[in-house]
Amino acid sequence: MTFGRVDSRFRGNDDSVISSMLSFYNTLTKSVEPFEPLDASCVKIYSCGPTVYDVAHMGNMRAFVFTDVLQRVVREVGGYPVRWVMNVTDIDDKTIRDS
């Protein structure tokens, strides 16, 4: 089901509207493709965490916020269980030095 006009970026190669419950824009193929997890029992996401060694600002949080939204969409819209792993950079030496 679609509502209104569908942007050409959101059409399949045969000009049909992508009807998958969860689709993503593939920058390599420049098309929207249905999401197909490698393992349907658990979608695994790895992301870099914030590297904050001074006063936090929006730039520090951008990667975290994006990945948080992504995993919520995969979980809530796609209905997949998600395992999200995020690294936390150990910068204790810079924190101690600058304190």
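Residues numbered from 1 in each chain as written. Predicted model: local features only at pLDDT ≥ 70, side-chain atom pairs only at ≥ 80, totals over all residues. Heavy atoms only, no water.

**Here we look at the environment of Thr89**
Mapped onto the fold, Thr89 is located in the loop between β4 (82-87) and α2 (92-98). Residue classification places Thr89 among the partly exposed positions, given a relative accessible area of 31%. Taking the C-alpha atoms as reference points, Thr89 and Pro50, separated by 39 residues in sequence, lie 7.4 Å from one another. (Helix = DSSP H or I, 4+ residues; strand = E, 2+ residues; numbered from the N terminus. Buried < 20%, exposed > 50% of the residue type's maximum accessible area, 1.4 Å probe, protein only.)

**Concerning the confidence of the model for the protein chain**
With 68% of its residues at a pLDDT of at least 70, the protein chain reaches an overall mean of 77. Of all the helices and strands in the protein chain, α2 carries the lowest mean pLDDT, 67, while strand β2 (residues 31-34) carries the highest, 93. Under a pLDDT of 50 for its full length, residues 1-6 has, in the predicted model, three contacts with residues more than four places off or in other chains. (pLDDT = per-residue confidence, 0-100. Contact = heavy atoms within 4.5 Å.)

**Digging into helix α1 (residues 58-76)**
Between its first and last C-alpha, α1 extends 25 Å over 19 residues, near the 27 Å set by a 1.5 Å rise per residue. Looking at α1, one finds that the buried residues are Asn60, Thr67, Asp68, Gln71 and Val74. Buried residues in α1 make contact with β1 (23-26), β3 (43-48) and β4. (Expected span 1.5 Å × (residues − 1).)

**Overview of a nonpolar patch on the surface**
A contiguous nonpolar surface patch, about 240 Å² in accessible area, is contributed by Phe64, Val65 and Val69. Along the chain, Val65 falls in helix α1. (Patch = residues over 30% accessible without salt bridge, like charges linked within 9 Å, V, L, I, M, F, W, Y side chains within 5 Å. Areas by Shrake-Rupley, 256 points an atom, 1.4 Å probe, with all protein chains shown as cover. Salt bridge = Lys/Arg side-chain N within 4 Å of Asp/Glu carboxyl O.)

**Topic: the pairing of β1**
Inspection of the sheet shows β1 paired to β2 by four bridges, in the antiparallel sense. Looking at the pairing, Phe24 lines up with Glu33 of β2. Hairpin connection between β1 and β2: a loop of four residues separates the two successive antiparallel strands, and Lys30 in this loop has a positive phi of roughly 55°. (Pairing = 2+ DSSP bridges.)

**Some remarks on the environment of Ser31**
Within the secondary structure, Ser31 is located in strand β2. A distance of 3.0 Å separates the side chain of Ser31 from the side chain of Thr29, its partner in a polar contact. (Polar contact = N/O pair within 3.5 Å; in protein donor to acceptor, adjacent residues only side chain to side chain.)

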